[in-house]
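Secondary and tertiary structure notes
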Amino acid sequence: MARATERRRVVRLRGEERSARPDSLAAEEPLEIRIGGEPLTVTMRTPGHDFDLVAGFLVGEGLVGATEELAALRYCAGTDADGANTYNVVDATVRGARPALSAHRNLLTTSACGLCGRDTVDAVRTRSRWDVAPDPLRVPAAVLYELPDRLRAAQRAFDTTGGLHAAGLFAADGTPLCVREDVGRHNAVDKVVGWALREGRLPLTGHLLAVSGRASFELTQKAALAGLPLLAAVSAPSSLAVDLAEELGLTLVGFLRDRTANVYTRPDRIG
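Treat the numbers as computed from the prediction; the structure is a model and nothing was measured.

Attention now goes to the overall build of the protein chain. From N to C terminus, the protein chain includes seven helices and 13 strands. Evaluated residue by residue, the protein chain yields a buried proportion of 49% over its 271 residues. Per element, the accessible surface of the protein chain, about 12,300 Å² overall, is 49% carbon and sulfur.

Written out as structure tokens, the structure reads:
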């Protein structure tokens, strides 16, 4: 199977000096997602935890919402020039009525964009199975301040590449439950949500999601569709992310660093 990192030779410049040395890069490869053999989409991702990624993607698309609805996941025979399996095609078997794939995107999703402008606030509200607004979660500010360090401590591949986003699922007391890395911030979140689905944990009532980058509309959407009442980001949120969080009653935190934070919506959950 493909590795999450690759080694390449580079020329290192330091002032007037130059030297050749190996460097570690975050791997990026396409993953084709199918349902019942029918192509759904292709996403660019860092190999690893692919079944979690597919499961989380299906949750984010509103195609599954419970563990029993995802009957099976398997690698298909995508092959390279030598005939070896590339492990870049995953087929999902969904129980119950076959999803109407024509109503969902069937296109290339880059590692930078998991949405491409198709969804709206109203669409997310309609598709979500869980209402996060009444979630009674309360989080001490001291716990919130610890999340970036706990997330960073679990970023093993970032230590060698410096080129991966991270997403982490935490209990209300700050205990890390699942941390995933990927070149795409939306993929990292999908891997966390997919892990939770496969573990039978949805909806994620009373839990927190922390991300290493900014809080975009798509990440806020994915948090809501997983039943998460709080999303915390070390960088800035977008205006549409704040709009969506406010509409859904989700607590959105940005600029979480150095024991400071901006709470944009539902500050009553932060003690």
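With that out of the way, let us pick up the side chain of aspartate 190. Inspection of the secondary structure assignment puts aspartate 190 in helix H5 (residues 185-198). One polar contact links aspartate 190 to lysine 222, side chain to side chain, over a distance of 2.9 Å.

A word on the nonpolar core. Counting 48 residues, the largest nonpolar core has Val54, Leu58, Leu209, Val211, Leu231, Leu250 and Leu252 as its most contacted members. Residue contributions to this core peak at seven residues, all from H5. Once residues within four sequence positions are removed from consideration, valine 54 is found in contact with Leu31, Ile33, Leu73, Val90 and Ala92. Leu144, Ala166, Leu230 and Leu256 belong to the second largest nonpolar core, which has 16 residues in total.

For strand E9 (residues 176-182), a buried count of five out of seven residues is recorded, marking the element as mostly surrounded by other parts of the structure. Pairing between strand E8 (residues 165-170) and E9: six bridges, direction antiparallel. Among the inter-strand pairings, leucine 169 is bridged to a residue of E9, identified as cysteine 178. Between E8 and E9, which pair antiparallel in sequence order, lie five residues; one of them, glycine 174, sits at a positive phi of approximately 90°.

Okay, the pairing of strand E10 (residues 208-211) next. Side chains of E10 alternate between two faces, with Leu208 and Ala210 and Leu209 and Val211 buried alike. Here E8 runs beside E10; their pairing, made up of four bridges, is antiparallel. Considered in E10, the bridge of glycine 168 is made with alanine 210. Of the strand pairs in this sheet, E10 and strand E11 (residues 230-233) are connected by four bridges, and their pairing is parallel. From the neighbouring strand, leucine 209 faces E11, where its bridge partner is leucine 231. Running through helix H6 (residues 217-225), the crossover from E10 to the neighbouring parallel element E11 is right-handed.

Turning our eyes to something else, we now look at unusual backbone geometry. Cis geometry marks the peptide bond from leucine 202 to proline 203; its omega dihedral reads -5°. Here proline 203 is to be found in the loop between H5 and E10. At phenylalanine 255, a residue that is not glycine, the phi angle is positive and equals roughly 50°. Inspection of the secondary structure puts phenylalanine 255 in strand E12 (residues 251-257). In this structure phenylalanine 255 comes out as partly exposed when scored by relative accessible area, which is 32%. Of note, the phi angle at aspartate 258 is positive, near 55°, even though the residue is not glycine. You can see aspartate 258 is positioned in the loop between E12 and strand E13 (260-265).

Let us now look at the packing of aromatic side chains. Two numbers describe a pair of aromatic rings. These are the distance of the centres and the angle of the planes. Tallying each qualifying case throughout the model produces two aromatic pairs. Here tyrosine 75 and tyrosine 87 contribute two aromatic rings whose centre-to-centre distance is 5.0 Å and whose plane-to-plane angle is 85°, an arrangement assigned as edge-to-face. Here tyrosine 75, found in strand E5 (residues 70-75), pairs with tyrosine 87, found in the loop between E5 and strand E6 (89-94); they are 12 residues apart in sequence, far enough to count as distant. The class for tyrosine 75 is partly exposed, based on a relative accessible area of 22%. Judged by relative accessible area, tyrosine 87 falls into the partly exposed class, the value being 27%. Put simply, the rings of Phe51, Tyr75 and Tyr87 pair up and form one aromatic cluster.

Within the fold, serine 238 resides in the loop between E11 and helix H7 (239-248). The exposure class assigned to serine 238 is partly exposed, which follows from its relative accessible area of 25%. Sequence separation of serine 238 and glycine 254 is 16 residues, and the distance between their C-alpha atoms is 9.7 Å. Once residues within four sequence positions are removed from consideration, serine 238 is found in contact with Ala215, Ser216 and Phe217.

Between helix H1 (residues 50-60) and H5, whose axes approach to 6 Å, the crossing angle comes to 90°. Between H1 and H5, the angle falls in the class roughly perpendicular. Contacts between H1 and H5 involve Phe51, Asp52, Leu53, Ala55, Gly56, Phe57 and Val59 from the first element and Asn187, Asp190, Lys191, Val193, Gly194, Trp195, Leu197 and Arg198 from the second. A class-by-class count of the residues in the contact of H1 with H5 yields eight nonpolar, three polar and four charged.

Thresholds, definitions, all that
- Residues numbered from 1 in each chain as written.
- Predicted model: local features only at pLDDT ≥ 70, side-chain atom pairs only at ≥ 80, totals over all residues.
- Heavy atoms only, no water.
- Helix = DSSP H or I, 4+ residues; strand = E, 2+ residues; numbered from the N terminus.
- Buried < 20%, exposed > 50% of the residue type's maximum accessible area, 1.4 Å probe, protein only.
- Areas by Shrake-Rupley, 256 points an atom, 1.4 Å probe, with all protein chains shown as cover.
- Polar contact = N/O pair within 3.5 Å; in protein donor to acceptor, adjacent residues only side chain to side chain.
- Core = buried A, V, L, I, M, F, W, Y, C linked by side-chain atoms within 4.5 Å.
- Contact = heavy atoms within 4.5 Å.
- Pairing = 2+ DSSP bridges.
- Right-handed = clockwise from strand over helix to strand, strands pointing away.
- Phe/Tyr/Trp six-rings, centres within 6.5 Å; stacked < 30°, edge-to-face > 60°.
- Axes fitted to C-alpha atoms, helices over the stretch in contact; angles between N-to-C directions.
- Parallel < 35°, antiparallel > 145°, perpendicular 65-115°, else oblique.
- Nonpolar A, V, L, I, M, F, W, Y, C, P; charged D, E, K, R; others polar.

These values are about where atoms sit, not about what they do.
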